[in-house]
Amino acid sequence: MESTPENPQSAPAFLGKDTPLPASPEEAQLDYVPNPRAGSLFLVRFAAPEFTSLCPVTSQPDFAHLVIDYAPGETIVESKSLKLFLGSFRNHNGFHEDVTVGIGQRLFEEMKPKWLRIGGYWYPRGGIPIDVFWQSGAPPEGLWLPDQGVAPYRGRG
C-alpha cells in the first residue's frame, strides 16, 4: 500500500529498500508521511544542484539547480521518493519551463501543502541560461522565506 496525502503511512514505501529509478516521471510514485509538526507554520527546502533532464529537440542532457520550498500542510514528502522522482527525469525530454513547473504543480496537487515554490536555475545551452520560477500563490502570512541562494548565472559558482 503506497502512501498518499489522503492516506499517509508512518512507514515510507521506499526508505531502507533498494529501489531503482523509475523509468519516467509519470511512473514515479511520491511518498507522503504525516507532518510531525502539523499546525505549525514552517518552511522545508530541498535543493537538487545536479538535476538533469533531456532537451526535447536534441535529446542532449540539460542540467539545472532546483530549489523547492514548501510550507507543509498535513503531510510532508518523503525525501527518498522525491530523489527518485527527480532522478526519473534523467531520460525525460522536456523544455525547462515544462519540467520546472510540472514538478512544482505535481508536488502541490498531490501533497497539498499550505504553499510551494520552485526555482529552476538551468545551466546554459547555446549560450543562454534559463531560470524558471513557479509558486502556488501568495505565501502564508508569517512564513519566513529565505532567498533561494542561487546566484544569477556567472558560472553559477
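Since this is a predicted model, take the numbers as computed values, not measurements.

**Focus: the nonpolar core**
Then step 1. Core analysis: the biggest nonpolar cluster contains 27 residues, and Phe51, Val77, Ile103 and Leu107 have the highest contact counts within it.
Then step 2. When contributions to this core are tallied by element, the ones reaching two or more residues are strand 1 (32–34), strand 2 (44–54), strand 3 (61–71), strand 4 (75–77), helix 1 (79–87), helix 2 (96–111), strand 5 (115–125) and strand 6 (128–135).
Then step 3. Ignoring anything within four residues of it in the chain, the contact list for Ile103 reads Phe51, Leu66, Ile68, Phe85, Leu86, Phe89 and Ile118.

**Structural notes on the sheet that holds strand 5**
Then step 1. Reading across from one edge, 2-3-5-6 is the order of the 4 strands in this open sheet, with antiparallel pairing throughout. Each having just a single partner strand, strand 2 and strand 6 make up the two edges of the open sheet. Strand-to-strand twist in this sheet, taken as the mean axis angle between neighbours without regard to direction, amounts to 15°.
Then step 2. Where strand 2 and strand 3 come together, 9 bridges link them in antiparallel fashion.

**Considerations on helix 2**
Then step 1. In this model helix 2 runs 23 Å from its N-terminal to its C-terminal C-alpha over 16 residues, within 8% of the 22 Å that 1.5 Å per residue would give.
Then step 2. When helix 2 is considered as a whole, its buried residues turn out to be His96, Val99, Thr100, Ile103, Gly104, Arg106, Leu107 and Met111. In a view along the axis of helix 2, the buried residues occupy a sector of 160°, so they form one face of it. Residues of helix 2 that are exposed and angled more than 90 degrees away from the buried face: Asp98 and Glu109.

**What to know about the pattern of salt bridges**
Then step 1. The full count for this structure, using the stated rule, is 4 salt bridges.
Then step 2. Asp69 is paired through a salt bridge with Arg45; the nearest N and O atoms lie 2.6 Å apart. Of this pair, Asp69 sits in strand 3 while Arg45 sits in strand 2, and the two are 24 residues apart along the sequence.
Then step 3. Given the relative accessible area of 0%, Asp69 is considered buried.

**Structural notes on the pairing of strand 3**
Then step 1. Of all 11 residues in strand 3, 9 are buried; the element is thus mostly enclosed.
Then step 2. The hairpin formed by strand 2 and strand 3 contains 6 residues between the paired strands, and Ser59 there has a positive phi angle of roughly 65°.
Then step 3. The pairing of strand 3 with strand 5 spans 8 bridges and is classified as antiparallel. Following the sheet pairing, Tyr70 is matched in strand 5 by Leu116.

**Focus: the packing of aromatic side chains**
Then step 1. Within the structure shown, the criterion is met by 6 aromatic pairs.
Then step 2. Between Phe51 and Phe89, the ring centres sit 5.6 Å apart and the planes meet at 55°, which makes this aromatic pair tilted. Of this pair, Phe51 sits in strand 2 while Phe89 is found in the loop between helix 1 and helix 2, placing the two residues 38 residues apart along the sequence. As far as burial versus exposure is concerned, Phe51 and Phe89 are alike and both buried.
Then step 3. When the centroid spacing of 5.8 Å and the interplanar angle of 85° are considered together, the rings of Phe51 and Trp122 count as edge-to-face.

**Some thoughts on the confidence of the model for the chain**
Then step 1. On average, residues of the chain carry a pLDDT of 91, and 91% of them reach 70 or more.
Then step 2. Between the elements of the chain, mean pLDDT differs from a low of 94, seen in strand 1, to a high of 98, seen in helix 2.

**Looking at the side chain of Thr75**
Then step 1. If you trace the backbone, Thr75 turns up in strand 4.
Then step 2. Looking at Thr75, its side chain comes within polar contact range of the main-chain oxygen of Met111, at 3.3 Å.

**Thoughts on the pairing of strand 5**
Then step 1. For strand 5, the tally of buried residues reaches 8 of 11 residues, placing the bulk of the element in the interior.
Then step 2. Sheet analysis places strand 5 next to strand 6, joined by 7 bridges and oriented antiparallel. Paired with Gly119 across the strands is Phe133, a residue of strand 6.
Then step 3. Linking strand 5 back to strand 6 in an antiparallel pair, the connection comprises 2 residues, with Gly126 at a positive phi of about 75°.

Cut-offs and rules
- Residues numbered from 1 in each chain as written.
- Predicted model: local features only at pLDDT ≥ 70, side-chain atom pairs only at ≥ 80, totals over all residues.
- Heavy atoms only, no water.
- Core = buried A, V, L, I, M, F, W, Y, C linked by side-chain atoms within 4.5 Å.
- Buried < 20%, exposed > 50% of the residue type's maximum accessible area, 1.4 Å probe, protein only.
- Helix = DSSP H or I, 4+ residues; strand = E, 2+ residues; numbered from the N terminus.
- Contact = heavy atoms within 4.5 Å.
- Pairing = 2+ DSSP bridges.
- Axes fitted to C-alpha atoms, helices over the stretch in contact; angles between N-to-C directions.
- Expected span 1.5 Å × (residues − 1).
- Arc of directions from axis to C-beta.
- Salt bridge = Lys/Arg side-chain N within 4 Å of Asp/Glu carboxyl O.
- Phe/Tyr/Trp six-rings, centres within 6.5 Å; stacked < 30°, edge-to-face > 60°.
- pLDDT = per-residue confidence, 0-100.
- Polar contact = N/O pair within 3.5 Å; in protein donor to acceptor, adjacent residues only side chain to side chain.

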